[in-house]
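Spelled out, the chains give:
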Amino acid sequence: MAALLEVRNLAVEFHRDRAVSRAVNGVTLSVERGKSLGIVGESGSGKSVTVKAIMRLLPRYARSASGAVLLEGQDVMRLSEGRMRHLRGRRMAMVFQDPHAYLNPTKTVGSQLVEPLILHRLAAGAEAKRRAVDLLRLVGIPSPEVRFTQYPFEFSGGMLQRVMIAMALIADPDLLIADEPTTALDVTVQAQILRLLRKLKEDRGMAMILVTHDLVVAAQTCDEVVVMYGGTVVERVPSHKLLTASAHPYARGLIACTPRISNADTIPTPIAGQPLNLREPLPGGCLFAARCPDRVAQCTEVRPQLEDVAPDHQVACFVAAGAAKEGAVHE
Amino acid sequence: MVRFLARRLAYMFIAFLCISLVTFMLMKMAPGSFFNANFQVNGVSAVAGSYGVSPQVMDALIKYYHLNDPWYVQWWYYVHGFLTWHMGTSFEYPGTRTVTIIDTAFPFSVRLALMAVATGVIIAIPIGVTAAMRENGWMDVGLMFFAMLGTSLPAYLVAVLLIVLFALWLHLLPVIGFTHPQDFILPVLSLALPMVGALSRYLRNSLIDSLHSEYVTGVIAKGGSLSRAVWRHALRNSLLPMITVVGPQLAGLMTGTVFIEEIFDLPGLGHYFVGAANVRDYPLIMDSALLYATVILAMNLLVDLTYGLFDPRIRRAGDLG
Amino acid sequence: MSMPTLKKRTMATLMWGRFRRNRAAVLGGAFVLFLILCAILAPVIAPYSYMQSNFLATYQSPSWQHWFGTDELGRDMLSRLLFSLRTASLIGFGAEAVELTLGLLVGAIAGYLGGAADTILMRVVDVVYGFPSLLFAIILVVMLGHSLFAILIAVAATSWVTMARIVRSQVIVVKQSDYIAAARGMGANWWQILRRYVLPNSLGPIAVTVTFGIPANMMVESALSLLGLGVQPPTPSWGALIANGEQAMFSFPYLLAFPAVTFAMTLLAFTFFGDGLRNVFDSKSMH
């Protein structure tokens, strides 16, 4: 089946104050209809920039140096701003990290909720309101008629994130991108929101990209996960294998420093060294080489590319790929 | 909100009392003022004579202004007269009570000021929006340069420059008269342009702040255009703080009308005020000054109040309280 | 003791570098300097006396003899403009000095002492802030007369409160910072603290306020003389020249154009200069 969204070798640079920051350095990923993809990584790994680049929501000083973002084969990077507007909110919609910041504080939630319908000429007036209220009910907001006329500041964070989800879904998009949708929320609310997202994705048969720094969340919510480091994808792995069988040293390092119930008695070990400084020229070899415990000589000379280590499982690491090949030979 | 309002009202009242006290004192101290006269009972007729007023009228005036009472009683009658709109009699226009002059001239000034505010806001909004949407582009830089010119020049100088440009050089617009609508173009523009400078600069900066904020990204993510984000979302939020800029501008505008009326020979209160100042028509000076002051104070208060209307957080809090 | 001076010098160099990049501000500053020189040297550089009339040369258009033409009495407009610049500068800088003194005094005392002194002084400031300044100036001039000193007082009478507010807020910010606590710990008294720490740190905003205050004062002065309430003839003043030019504007437009345009340029120069200054100090405080 052809992918709904395919990102090929995407690179993004920020040019500001005569300095260049290389936020994304060649990301390749894809999502199919009805499937969900998790993007995980530390802060500054380029995951949020990647999804904003897909929606073309980056500030003006950002340049997409190379690559393609194909939505059903059509490259959105080459579209005019006007054509792009037809896609945003209608074909692909986004849920952001902090719902209070991403809603206009001086307009009612309802008027902002129906905006995608009006912008894409899908409905207006009473019909738009009816659909919005129905959707508010669907995402679990009590007394939606009352809530419709309230302002953002009258909502709790969790309730407002439900509103954001309803707003993203109202024009029935093919792709829902959720950029750290639960980071700003309480843990209990977090679980509810994630369950809601997963359920909505299944009911509606849309594709979903979930950006998170929490590997456990990604593993539980998504079908497949890509791990990013320094603006590149270092591993692509089916989510059921993420926590147990990830191959890249960085991914394993992340898992080792994630506290979990199953390993509650072991102290999480942080990854040694500092995250990559994206303002300096990138190293020639593997971007993770400086912090990598498994580093070999080749790592600092040649940039590893994604290689298959198992079905649907790819790693950009010479050591891990070599080990997998050896394993295959031994079998 | 209520406490805030009460405090503002109290300030306004104190400021009013101070201004009235200062004007009253100055009026008493002023050389040649007949208020002086009551200090030297014998001097009354002499001073009255110099104004061509008969002793009988002078007696009446003394009684009217309570000149034989202590100063605070006189002051009280002065304030009381103003508050109840029963002011004194003009010197320059004998027999005409100042309130009569004010009644006809003041509405004219207010109309002029209101036209200027409306014009200023109407011009400033598209300028601010255009500049903000092309942040740091040549259009933005150019527009803001002209806005800066506006902010640094007072209305009367803008008036003179406009006269030089439109009337003397291009022969496009009339300078004298107040009967045809086109007579008002230059006066209104002179008052509006300095405002436009401050307003559009403020609006631009405030809009740019908004355009960099996340909720605008949210609008774009929904499929909205930049101009929708500006007109439907950001502008509304930026107009709120703009009121705080319009406020002080309004005060400047009221004083601006004084000069504009003088330059364009318009029959507003400013015109009479200046005339009164030149011939030392003290009752008219004081009453119109006090009126101007009151209007300016009231406008400042109004600005504070409207601020609340635009912010739903304040409005809702008001509902609860 | 060489350390602080070194640091001061680098800071000044840094700020100068930032200021120099703002072309409008540099131009404005240069023009302001030029104006000040003209005002000081007016008696020397003016080609004619500002009050010497010449009935054989009335209403002369601009020429090599009279660059800006002559007025209805045959007086040289360039000379009159130079001397109105002198008047304007006298009032502009003089009133600013009064405002600065009063504002520093009231603001520093209110900010530093706090408590009841602060409350009382700031209430006074609030009330004066509510005064319509230009009207108040008019009333004062009507009462006090048209002497240079009276005008100076009338101009400064209400505008000092802006300075007082700024000084007070600066003083409070600096007062609450840790190094003041350290200085006090070392036994410095309040006057030493005020002079050594508070005032040097408040210099930026004060300098900006002064730069914007001077043209504002000039505006009030010329506004007064526009209404015939300014300095008395024959002493020339921009406002009077403009009012005069307006009388004859249809026949002799240059009589209006020159004073209006030069006055506008003067005000603009101050504004651009002040704007550049503000940017410099703003970015300094951001670091």
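What counts and what doesn't
- Residues numbered from 1 in each chain as written.
- Chains lettered and ligands numbered in written order.
- Predicted model: local features only at pLDDT ≥ 70, side-chain atom pairs only at ≥ 80, totals over all residues.
- Heavy atoms only, no water.
- Helix = DSSP H or I, 4+ residues; strand = E, 2+ residues; numbered from the N terminus.
- Buried < 20%, exposed > 50% of the residue type's maximum accessible area, 1.4 Å probe, protein only.
- Expected span 1.5 Å × (residues − 1).
- Bend = angle between axes of the 7 residues up to and from the residue.
- Pairing = 2+ DSSP bridges.
- Axes fitted to C-alpha atoms, helices over the stretch in contact; angles between N-to-C directions.
- Contact = heavy atoms within 4.5 Å.
- Buried area = accessible area lost by both parts, 1.4 Å probe.
- Salt bridge = Lys/Arg side-chain N within 4 Å of Asp/Glu carboxyl O.
- Polar contact = N/O pair within 3.5 Å; in protein donor to acceptor, adjacent residues only side chain to side chain.
- Domains from an automatic or database assignment.
- Nonpolar A, V, L, I, M, F, W, Y, C, P; charged D, E, K, R; others polar.
- Patch = residues over 30% accessible without salt bridge, like charges linked within 9 Å, V, L, I, M, F, W, Y side chains within 5 Å.
- Areas by Shrake-Rupley, 256 points an atom, 1.4 Å probe, with all protein chains shown as cover.

What about the environment of C:F55?
Residues and elements named next belong to chain C. With respect to the helices, strands and loops of the structure, F55 is situated in the loop between α2 (23-45) and α3 (77-113). On the basis of relative accessibility, which here comes to 60%, the residue F55 falls in the exposed class. Residues F55 and E72, spaced 17 residues apart in sequence, show a C-alpha to C-alpha distance of 8.3 Å.

Section: helix α5 (residues 98-133) of chain B
Compared with an ideal rise of 1.5 Å per residue, which puts 36 residues at 52 Å, α5(B) spans 51 Å between its outermost C-alpha atoms and is within 8% of the ideal. Along α5(B), the largest kink reaches about 30° and is centred on B:A105; proline B:P107 follows within four residues of it.

Quick notes on the sheet that holds strand β8 (residues 207-212) of chain A
Residues and elements named next belong to chain A. In space, the eight strands of this open sheet follow the order β6-β7-β8-β3-β9-β10-β12-β11, with mixed pairing throughout. Two strands close off the open sheet at either side, each with one partner strand: β6 (92-95) and β11 (307-310). The mean inter-strand angle of the sheet, taken between neighbouring strand axes irrespective of direction, is 25°. The pairing of β6 with strand β7 (residues 175-179) spans four bridges and is parallel.

So, the interface of chain B and chain A
Accessible area lost upon the coming together of the parts serves often as the stated size of an interface. Facing the 22 residues of chain B at the interface are 25 residues of chain A. Between chain B and chain A, the buried area comes to about 2300 Å², and carbon and sulfur atoms account for 57% of it. Remark: the boundary between chain B and chain A carries two salt bridges. Here B:K222 ties to A:E115 by a salt bridge, and the two come within 2.7 Å at their closest N and O atoms. Counting the contacts that link chain B with chain A gives 11 residue pairs in polar contact (both at pLDDT 80 or more). For the side of chain B that touches chain A, the secondary-structure elements that each account for two or more residues are α9 (214-221), α10 (226-264) and α13 (312-320) of chain B. Among the elements that take part in the side of chain B that touches chain A, α9(B) stands out by supplying seven residues, more than any other.

Quick word on the domain arrangement of chain B
All names here are of chain B. Domain parsing of chain B yields domain 1 (39-86) and domain 2 (99-317). Opposite the four residues of domain 1 that make contact, domain 2 presents nine residues. Overall, the association of domain 1 and domain 2 removes approximately 630 Å² of surface from exposure, summing both partners, and the carbon and sulfur fraction of that is 70%. Where domain 1 packs against domain 2, one counts zero salt bridges. The tally of links from domain 1 across to domain 2 stands at zero residue pairs in polar contact (both at pLDDT 80 or more). By residue class, the composition of the side of domain 1 that touches domain 2 is four nonpolar, no polar and no charged.

Observations concerning a nonpolar patch on the surface
A cluster of nonpolar side chains, contributed by C:L37, C:I40, C:L41, C:V44 and C:I45, occupies part of the molecular surface with about 480 Å² of accessible area. Within the element layout of this structure, C:I40 appears in helix α2.

Digging into helix α9 (residues 238-247) of chain C
For α9(C), the tally of buried residues reaches seven of 10 residues, placing the bulk of the element in the interior. Within the span of α9(C), buried status applies to C:W238, C:G239, C:L241, C:I242, C:A243, C:G245 and C:E246.

Topic: the pattern of salt bridges
Residue and element names in this part refer to chain A. This model, assessed by the stated rule, comprises 27 salt bridges over all chains. For R33, the salt bridge identified is with E72, shortest N-O distance 2.3 Å. On the criterion of sequence distance, the pair formed by R33 in the loop between β2 (19-31) and β3 (36-40) and E72 in the loop between β4 (62-71) and β5 (74-75) is long-range, its members being 39 residues apart. With a relative accessible area of 34%, R33 lands in the partly exposed category. K47 serves as the salt-bridge partner of E180, at 3.5 Å between the closest nitrogen and oxygen. Taken together, the positions of E180 in the loop between β7 and α8 (187-204) and K47 in helix α1 (residues 47-55) put the pair 133 residues apart, joining distant regions of the chain. Considered together, E180 and K47 belong to a single accessibility category, that of buried residues. Here the salt bridges share partners, and the residues they tie into one network are E127, R130, R131, D134, R137 and E145.

A few points about the interface of chain C and chain B
Every contact between the two is made by 39 residues of chain C and, on the other side, 45 residues of chain B. Summing both sides of the interface, chain C and chain B together bury roughly 3600 Å²; the carbon and sulfur share of this comes to 83%. The largest share of the area that chain C buries against chain B comes from C:L135, C:M143 and C:L227, three residues that together contribute 18% of it. At the junction of chain C with chain B, the criterion picks out one salt bridge. A salt bridge links B:R201 to C:D275, with the nearest nitrogen and oxygen atoms 3.7 Å apart.

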